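Each chain is listed here by its residues.
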Amino acid sequence: MNRNPLRILFVIVFIIGNLTAFSQFRPKQVYWTEDGNSTLIVRDGSIIKTDIKSGELTTLVDRKQLIPAGETHPLQFNIYSFSSDYKQLLIFTNTAKVWRYHTRGDYWILDVAANKLFQLGKSLPSQSLMFAKISPDGKNAAYVSGHNLYVENLATHKIKALTVDGTRKFINGTFDWVYEEEFGCRDGFRWSPDSKKIAFWQVDGRKTRDYYMLNTTDSVYSIVIPVEYPKVGQPPSPVRIGVANIADDNIKWMKVPGDPQEHYIPRMEWADNSSQVVLQQLNRKQNESKLFFCDVNTGAANNFYTEDDTAFIDIKSRWNDDDPTGWDWLNNGKDFLWVTEKDGWRHIYIVNRQGKETLVTKGDYDIDNIKCIDEKNGFVYFMASPDNATQLYLYRTKLDGSGKLQLLSPSSETGTHDYNISPSAKFAVHWFSNYQTYPSSEWISLPDGKPLDPQRSIANNLKVDEQSNVKYFKVIIEDSITLDGWMAYPENFDSTKKYPVVFYVYGEPASSTVGDRFGAQNNFLYQGDMSKDGYFQISVDNRGTPSLRGAAWRKAIYGQIGRLNIHDQAMAAKKILEKPWFDKERVAVWGWSGGGSSTLNLMFQYPEIYKTGIAIAAVTNLLYYDNIYEERYMGLIPENKENYILGSAIHYAKNLQGNLLFIHGTGDDNVQYDNAEALLNELIKYNKQFQFMPYPNRTHSISEGEGTRIHLSTLYTDYLKKYCPPGAK
């Protein structure tokens, strides 16, 4: 998925969870105890429990308990979990990246009562363990190492391999690049509730071709780095679900119907019992979703719920804070919570085991993501914004669908809210900001939203930027399409003069750029203050971005990436630039990743509007990107190949008239370097002059290596100032 760097840098991701099932690849903002009455923090290497109401501190684990034998310093960590009885502590340390996230490293267990600390997988290579989890009965731990799944007895420390056939392209218990990138799948195995079995994914990428990256900076000879990467038109790597019996090592494979090379399995969990797993299967076009119950003893699969769409179907990572794990069971496992857009809006449903559904959230609005399920009191808490797609608020409604929508965020605080809610739904950490109000936070009780400490409440500590030069607006383009946008004015604006304007663009389904939050309007690459230097900055969200404006808005882009989004952006710019204070000879556009692609398309398709462009890490040919992302939004080849061609910037390269700075990392595993060289050849072919900056061995973020970010920032700023000079005229 093409990622938006502004979103990565300015939007803090708040993850809900408890201590026994946590995201092992990044630390949470808040660790709640299971009763929801306390939180845990790591302070000076010790783990401290804080009672929410009284503020009383209790040391659960002292740093001295975390000093390995023969060492003098405690383990350094920030990701950990306790067993449900708090007798065992699991620590993840010495971590290393696997693609985007630190998912590989060493795991240690502290027997809290016995005060015994030991390392898991000691006989396996250092820094090789992934996703270690203690069994529910506390007797074993399971983990992945070297693409195989292992179980270790915590009393005897005997390690047993449950799979032995794992290789770089034959993967057990975790995933390949494309499943991680596009489905958010990383942790690929689950303990059964009775601790006797482990269900896991197996990915067979042996027939999927490698893309060969070259590391030419770390040796006098180049180092080849193969990445198993299925591009558009290549069939998916087959995936299947196995259930390993811990006692006898037997593996039973689930008999899910359908050609594995024409389907995906992005979700799988135990079905609230130890005899079934439940899974989601998507067809290759990702417009048909089927849910199956699979008998783990026979492998028989029963399809009990099916959803179809004329465009595409989003999965849980879209509506659950980018985390696809977990299955939200209710009513003692008889029902579960599900989200679909089948009625034109992203709504919450309750589905029973026979597939019968009940609508929970009713009305013409989208939910954004679910924050908490309070089954005891019959409520679900979620983020939404029925009246303004650029903002977010906390709501709740009755789980049985009988209640009305209830706003819980303060109506006086207009903007973007976020919450981390306790498992009991009694307390939460609340964050708030808008475009002119600095971010602030508070601890509150729920559902009344009252601050636990009024002196430290958001209401009493709001800090407004009185000098804010940002304004939000709506622009109506042809066909009466209304787009949201923001505009940052130059300092000391004089309507009798003309100013340069810089458009920031993303434009694809992965992200939006127009959110009413503080700092979203900052240009993190520009050295200095663009407003003081005399620039207008503008960003607009086109159709197809994931705004809360209904399924039709989001799915309008189907088959139209590189055309519909580009048309909307250009028509909005054309309308905006009608104002006399914009200098039409000084109009620039820039973006990263999908935004880089949009920048190129705008420069090539509408050269009469955009005079200068800076495109970073851009997909230049849609046929070069991965199959899951592009086929989801563009359809399959050969039936839609013409759409891919007409949506690719390279198709229009011959139209370049303005000034183009093109930037790419040669070690980009996401938008690979062939994208850059293909466009270079096309521009050369037509004698189009431009500036190109390759960053050796840098990834998609272009952040590695000493001096990289300051160099990139300087390059960006100098180019913009040279070809789109600042200041009023």
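As recorded in an unreviewed UniProt entry, the chain goes by S9 family peptidase and comes from Hanamia caeni.

The next point concerns the pattern of salt bridges. Inspection of every chain in the model, using the stated rule, returns 26 salt bridges. The closest approach of N and O atoms between Lys133 and Asp187, which form a salt bridge, is 2.8 Å. Highlighted residues: Lys133 in strand 9 (residues 129–134) and Asp187 in the loop between helix 2 (177–183) and strand 14 (189–191), separated in sequence by 54 residues. We note that Lys133, like Asp187, is buried. When salt bridges that share partners are traced, they join Asp309, Glu341, Arg346, Asp366, Arg554 and Lys555 into one network.

Turning our eyes to something else, we now look at the side chain of Glu631. In this fold, Glu631 is placed in helix 8 (residues 627–634). For Glu631, a relative accessible area of 0% corresponds to the buried category. When residues no more than four places from it in sequence are discounted, the contact partners of Glu631 are Val232, Gly233, Gln234, Tyr264, Arg284, Lys285, Gln286, Leu636 and Tyr644.

Time to look at empty space enclosed by the protein. Gaps between atoms show up when a probe of the same size as a water molecule is rolled over them. Taken as a whole and judged by the stated rule, the model has 6 cavities of 30 Å³ or more. Each pocket or cavity is described by its volume, and for the largest cavity that value is around 130 Å³. Forming the boundary of the largest cavity are 16 residues, of which Ile313, Asp314, Trp319, Val339 and Thr340 lie nearest the centre. Elements with a contribution of two residues or more to the lining of the largest cavity: helix 3 (316–319) and strand 25 (335–340). Among the elements that take part in the lining of the largest cavity, strand 25 stands out by supplying 3 residues, more than any other.

What the 4 strands build is an open sheet, ordered 24-25-26-27; its pairing is antiparallel. The open sheet is flanked by strand 24 (329–330) and strand 27 (357–359), the only strands paired with a single partner. Sheet topology note: the strand 24/strand 25 ladder contains 2 bridges and is antiparallel. Counted as the bridge partner of Trp329 is Phe336 from strand 25.

Glancing now at the nonpolar core. Ranked by size, the top nonpolar core spans 95 residues in total, and within it Phe604 and Tyr610 carry the most contacts. The biggest single contributor to this core is helix 6 (residues 564–576), with 7 residues. Ignoring sequence-local partners within four residues, the contact set of Phe604 consists of Ala649, Tyr652, Ala653, Asn655, Leu656, Leu660, Leu679 and Leu683. Counting residues in each nonpolar core, the second largest holds 29 residues, with Val61, Leu89, Leu124 and Ala141 among its members.

Strand 6 (residues 88–98) sits mainly inside the fold: 8 of its 11 residues count as buried. Across 4 bridges, strand 5 (residues 79–82) lies against strand 6 in antiparallel orientation. Bridging across to strand 6, Ile79 finds its partner in Phe92. The loop that links strand 5 with its antiparallel partner strand 6 comprises 5 residues; one of these, Tyr86, has a positive phi angle of about 65°. Both strand 6 and strand 7 (residues 101–111) contribute to a ladder of 9 bridges, which runs antiparallel. If you follow Phe92 over to strand 7, its bridge partner there is Tyr107. Counting the residues in the hairpin turn of strand 6 and strand 7 gives 2 residues, including Trp99, whose phi is positive at 60°.

What the 4 strands build is an open sheet, ordered 28-29-30-31; its pairing is antiparallel. Each edge of the sheet is formed by a strand with only one pairing partner; in this case those strands are strand 28 (367–374) and strand 31 (406–407). Relative to strand 30 (residues 393–398), strand 29 (residues 379–384) runs antiparallel, the two being bridged by 6 bridges. The residue bridging Phe379 from the neighbouring strand is Lys398, located in strand 30.

Moving on, we get to the state of the cysteines. This structure, assessed with the given rule, holds 0 disulfides. Free cysteine Cys294: the closest other cysteine sulfur is in Cys185, separated by 16 Å. Its relative accessible area of 0% is what places Cys294 among the buried residues.

This brings us to the environment of Ala141. Counting through the fold element by element, Ala141 comes out in strand 10 (residues 140–145). According to the relative accessible area criterion, Ala141 is buried, its value standing at 0%. Apart from residues no more than four positions distant in its own chain, Ala141 is found in contact with Ile109, Leu120, Lys133, Ile134, Tyr150, Val151, Glu152, Leu154 and Trp191.

Side chains of Tyr212, Leu214 and Val224 sit close together on the surface and give an oily, nonpolar patch of about 310 Å² of accessible area. You can see Val224 is positioned in strand 17 (residues 223–228). Note on Val224: relative accessible area 48%, which makes it partly exposed.

Further remarks concern the UniProt feature "domain: Peptidase S9 prolyl oligopeptidase catalytic" (unreviewed entry) in the chain. The residues that UniProt annotates with the feature "domain: Peptidase S9 prolyl oligopeptidase catalytic" (unreviewed entry) are residues 531–723. As annotated, residues 531–723 comprises 38% helix and 18% strand, and the C-alpha atoms at either end are separated by 17 Å.

Let us now look at the packing of aromatic side chains. When we look at a pair of aromatic rings, we describe it by the centre distance and by the angle of the planes. One pass over the full model with this rule turns up 45 aromatic pairs. Aromatic side chains Phe382 and Tyr395 sit 6.4 Å apart centroid to centroid with 20° between the ring planes, which places their arrangement in the stacked category. Residue Phe382 is found in strand 29, and its partner Tyr395 is found in strand 30; the two are separated by 13 residues along the sequence. Neither Phe382 nor Tyr395 differs from the other in exposure class; each is buried. Ring plane angle 55° and centroid distance 4.8 Å describe the contact between Tyr504 and Trp590, whose orientation is recorded as tilted. Within this pair, whereas Tyr504 is found in strand 37 (residues 499–504), its partner Trp590 is found in strand 39 (residues 582–592), the two being separated by 86 residues in sequence. Put simply, the rings of Phe293, Phe304, Trp327, Trp329, Phe336 and Trp338 pair up and form one aromatic cluster. Lying across the ring of Phe379, Arg396 places its NZ or CZ 3.6 Å from the centre. Lys463 extends its terminal NZ or CZ atom over the ring of Tyr438, reaching a point 5.1 Å from the ring centre.

Basis of the calculations
Residues numbered from 1 in each chain as written. Predicted model: local features only at pLDDT ≥ 70, side-chain atom pairs only at ≥ 80, totals over all residues. Heavy atoms only, no water. Salt bridge = Lys/Arg side-chain N within 4 Å of Asp/Glu carboxyl O. Helix = DSSP H or I, 4+ residues; strand = E, 2+ residues; numbered from the N terminus. Buried < 20%, exposed > 50% of the residue type's maximum accessible area, 1.4 Å probe, protein only. Contact = heavy atoms within 4.5 Å. 1 Å grid on protein atoms, 1.4 Å probe; cavity = no way out; pocket = protein on both sides within 12 Å on 5 of 7 lines; lining within 4 Å. Points joined across faces, edges and corners; volume = space filled by probe spheres on them. Pairing = 2+ DSSP bridges. Core = buried A, V, L, I, M, F, W, Y, C linked by side-chain atoms within 4.5 Å. Disulfide = S-S within 2.5 Å. Patch = residues over 30% accessible without salt bridge, like charges linked within 9 Å, V, L, I, M, F, W, Y side chains within 5 Å. Areas by Shrake-Rupley, 256 points an atom, 1.4 Å probe, with all protein chains shown as cover. UniProt positions renumbered as here; feature names shortened; annotations may be inferred. Phe/Tyr/Trp six-rings, centres within 6.5 Å; stacked < 30°, edge-to-face > 60°. Lys NZ or Arg CZ within 6 Å of the ring centre and 35° of its normal.

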